[in-house]
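Letter by letter, the chains look like this.
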Amino acid sequence: MSSEDEPQSIKALYAAAESARAALEGHPDPRSPAFAAALAATLAQYTTCRDQIAGVSLFSPNETVEDVATSSLPYLLLDLRLAEVVQRTPYVDPPQRKLVVRRARAAYESFLALADSYNLVAGRYAKLLERYRDDPAAFALVVATTSGGDMAARRDAKIAAFKAEKELKQKLALLRGDPRYLENGGDEDVVRQAHLAAVELGVHAALAGLESLNREMEMLAMAPERPPVGGQDAHGANDANSRARDAEDDSSWRLDTPLRRSGLGQGGPLLSDKGKPLQPFTLVGGRSDVRAGVFRSGHNLPTMSIDEYLEEERRRGNILSGGTDPKKPEVDEDDMEAVDRATYKAREWDDFKDENRRGAGNTMNMG
C-alpha cells in the first residue's frame, strides 16, 4: 500500500511512543509509581498505533518488501519495541513476572513473524527462527550437548553474536551518518537501506531476547511463590504494597528472620495451659549470674588443676602405662652362689661375643 493511504496520525503516534520509550530508559527509579504510569502510557501508545496500522492494512501478506513504502518500514519494528517496553514492567512476585515474560515473548514472535513474511529473516537467523518454532521453550542460540565442548561452544557463540551485533550497529550508524540520509528529507534509497538494516538488527535482538526469556523462565520456575497478604491476591497487589512488603523483608538474609517472619518470638505466652511450648525461648540465669559475669575474662577459665585433670584421664583409661623393659633384679652380694651364677653368666656372654662377630647372623641386610 502506498504512503498516501497511511493516516497521518500513525506517524505522530509512533513518534510519540518512541520518545516515551527513550524517556523510560533514562528514568531514575524504575520501581516508582511515576515510572509505572509512564510505562503504561507508553504501552497504550504502541497498542493504539498497532491497532491503527492493522485497521488500514498497512502490511499485507500478499506484498513483498519491495511493495512496502519506505515511510512504512519503521513500523515493522513496532512489536519489537513493544516487547522491550513490556519487559520493563514492574512486578511483585514470580507469577506476575511469568505473565510479563509471556507478553514479551508474544510480541517478539509477532515481530519475527512479520519480518519473516517479508523474507527479512535470512541466513543464520532463518535457521535460528526455524529451531525456535520447533521447540520454543528449549530454544537457545547454541544447542546444548553433553560433551565437554559445550561451554566452549557457548562462549564462541556469544563472541560471534557480539561481533554480529557490532557489525549491524556499525552498518546502521554508517547509513544514518550518510549525508544523503539527512539532506532534504533524505535520499530514498539510503533511507530505505537504513530502515532495512534496523529491521535486521531487530531480528538479531529478538532472537537473543527469546533466549534470555527462556533462561529467565527456568529461574522463575524454581522460585517460590509468595502467599497472599491480608487475604488479597498477590496478583492484584499494587506497586505501593509490594514496596511496603519488600521494606518489611529487607533483612531476609538474617539468620533470625525466619522466626520473625513466621510470627514466632513476637511476645505472648511461652507455654500453654498444659505446659506445651508455644514459641522458641532461651533459658538464662538470674540477675546475680549476669551481674557476676560482667567483668569476667573473655575466655573460659580452667575448672580443675593439672593433677586433677591427669588423674581424671588416668581413671578414664586415656593414659597408657608400662611398655618398658622390666626392672632387672639386683644380686644380693651376701649370697655367694647367686654372685657366682651372675659371674659365670657374664663370662659366658663375653666368650660368646668373642667367638661370634657382631652382625654375623645378618643374612638379609649385609650392610
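Residues numbered from 1 in each chain as written. Predicted model: local features only at pLDDT ≥ 70, side-chain atom pairs only at ≥ 80, totals over all residues. Heavy atoms only, no water.

**Some points on helix α2 (residues 33–55)**
Three- or four-residue spacings in an α-helix give side chains the same orientation, since the helix completes a turn every 3.6 residues.
Line of reasoning, step 1. Compared with the 33 Å implied by 1.5 Å per residue over 23 residues, the 33 Å span of α2 between its first and last C-alpha is a close match.
Line of reasoning, step 2. Inspection of α2 places F35, L39, T42, L43, Y46, C49 and I53 among the buried residues, and these make up the whole buried set.
Line of reasoning, step 3. Looking one or two residues past α2, S57 carries a phi angle of roughly 55°, positive in sign. (Helix = DSSP H or I, 4+ residues; strand = E, 2+ residues; numbered from the N terminus. Expected span 1.5 Å × (residues − 1). Buried < 20%, exposed > 50% of the residue type's maximum accessible area, 1.4 Å probe, protein only.)

**Things to note about a negative patch on the surface**
Line of reasoning, step 1. Residues D332, E333, D334, D335, E337 and D340 make up a contiguous surface patch of negative charge.
Line of reasoning, step 2. Turning to its location among the elements, D340 is positioned in helix α13 (residues 336–355).
Line of reasoning, step 3. We classify D340 as partly exposed; its relative accessible area is 39%. (Patch = residues over 30% accessible without salt bridge, like charges linked within 9 Å, V, L, I, M, F, W, Y side chains within 5 Å. Areas by Shrake-Rupley, 256 points an atom, 1.4 Å probe, with all protein chains shown as cover. Salt bridge = Lys/Arg side-chain N within 4 Å of Asp/Glu carboxyl O. Lys, Arg positive; Asp, Glu negative; His and termini not counted. Charge placed at Lys NZ, Arg CZ, Asp CG, Glu CD.)

**Quick look at unusual backbone geometry**
A negative phi angle characterises most non-glycine residues, just as the trans form characterises most peptide bonds.
Line of reasoning, step 1. Phi angles above zero are rare outside glycine, and S57 is one such case at about 55°.
Line of reasoning, step 2. In this structure, S57 sits in the loop between α2 and α3 (78–86).
Line of reasoning, step 3. S57 sits in the partly exposed class, given a relative accessible area of 40%.

**Some thoughts on the confidence of the model for the protein chain**
Line of reasoning, step 1. Confidence in the prediction for the protein chain averages 80 pLDDT; 80% of positions are at 70 or higher.
Line of reasoning, step 2. The lowest-confidence element of the protein chain is helix α10 (residues 257–261), averaging 40 in pLDDT; the highest-confidence one is α3, averaging 94.
Line of reasoning, step 3. Scored below 50 in pLDDT, residues 1–7 shows 14 contacts in the model against residues more than four places distant or in partner chains.
Line of reasoning, step 4. Note that pLDDT drops below 50 for residues 246–266; the model gives that stretch 15 contacts with residues more than four away or on any other chain. (pLDDT = per-residue confidence, 0-100. Contact = heavy atoms within 4.5 Å.)

**Focus: empty space enclosed by the protein**
Line of reasoning, step 1. Summed over the entire model, instances satisfying the criterion amount to 1 cavity of 30 Å³ or more.
Line of reasoning, step 2. What the largest cavity holds in volume is close to 40 Å³.
Line of reasoning, step 3. Together, R124, Y125, L128, L141, A161 and H204 line the largest cavity.
Line of reasoning, step 4. When residues of the lining of the largest cavity are assigned to their parent elements, the largest contribution, 3 residues, is made by helix α5 (residues 124–134).
Line of reasoning, step 5. Here the lining of the largest cavity is composed, by residue class, of 4 nonpolar, 1 polar and 1 charged. (1 Å grid on protein atoms, 1.4 Å probe; cavity = no way out; pocket = protein on both sides within 12 Å on 5 of 7 lines; lining within 4 Å. Points joined across faces, edges and corners; volume = space filled by probe spheres on them. Nonpolar A, V, L, I, M, F, W, Y, C, P; charged D, E, K, R; others polar.)

**Side note on a nonpolar patch on the surface**
Line of reasoning, step 1. A surface patch of nonpolar side chains, amounting to about 470 Å² of accessible area, comprises M304, I306, Y309, L310 and I319.
Line of reasoning, step 2. Take L310: it is sitting in helix α12 (residues 306–316).

**Some thoughts on the packing of α3 against helix α4 (residues 94–117)**
Line of reasoning, step 1. Remark: α3 packs on α4, axes separated minimally by 8 Å, with the N-to-C direction vectors making an angle of 165°. When the axis of α3 is compared with that of α4, the two are roughly antiparallel. In the packing of α3 onto α4, the handedness of the crossing is left-handed. Where α3 approaches α4, its residues D79, L80, L82, A83, E84 and V86 are matched on the opposing element by V100, R103, A104, A107, Y108, S110 and F111.
Line of reasoning, step 2. Tallied by class, the residues present in the contact of α3 with α4 amount to 9 nonpolar, 1 polar and 3 charged. (Axes fitted to C-alpha atoms, helices over the stretch in contact; angles between N-to-C directions. Parallel < 35°, antiparallel > 145°, perpendicular 65-115°, else oblique. Left-handed = near helix turned anticlockwise from the far one by under 90°.)

**Topic: the pattern of salt bridges**
Line of reasoning, step 1. Counted under the stated rule, the structure contains 16 salt bridges.
Line of reasoning, step 2. Linking R21 and E25 is a salt bridge whose minimum nitrogen-to-oxygen distance equals 3.3 Å. Here the residue R21 and the residue E25 both occupy positions in helix α1 (residues 8–25), the gap between them amounting to 4 residues, near one helical turn.
Line of reasoning, step 3. With a relative accessible area of 14%, R21 lands in the buried category.
Line of reasoning, step 4. Between R133 and D116 there is a salt bridge, with the nearest N and O atoms lying 3.2 Å from each other. Taken as a pair, R133 in helix α5 and D116 in helix α4 lie far apart in primary sequence, 17 residues in all.

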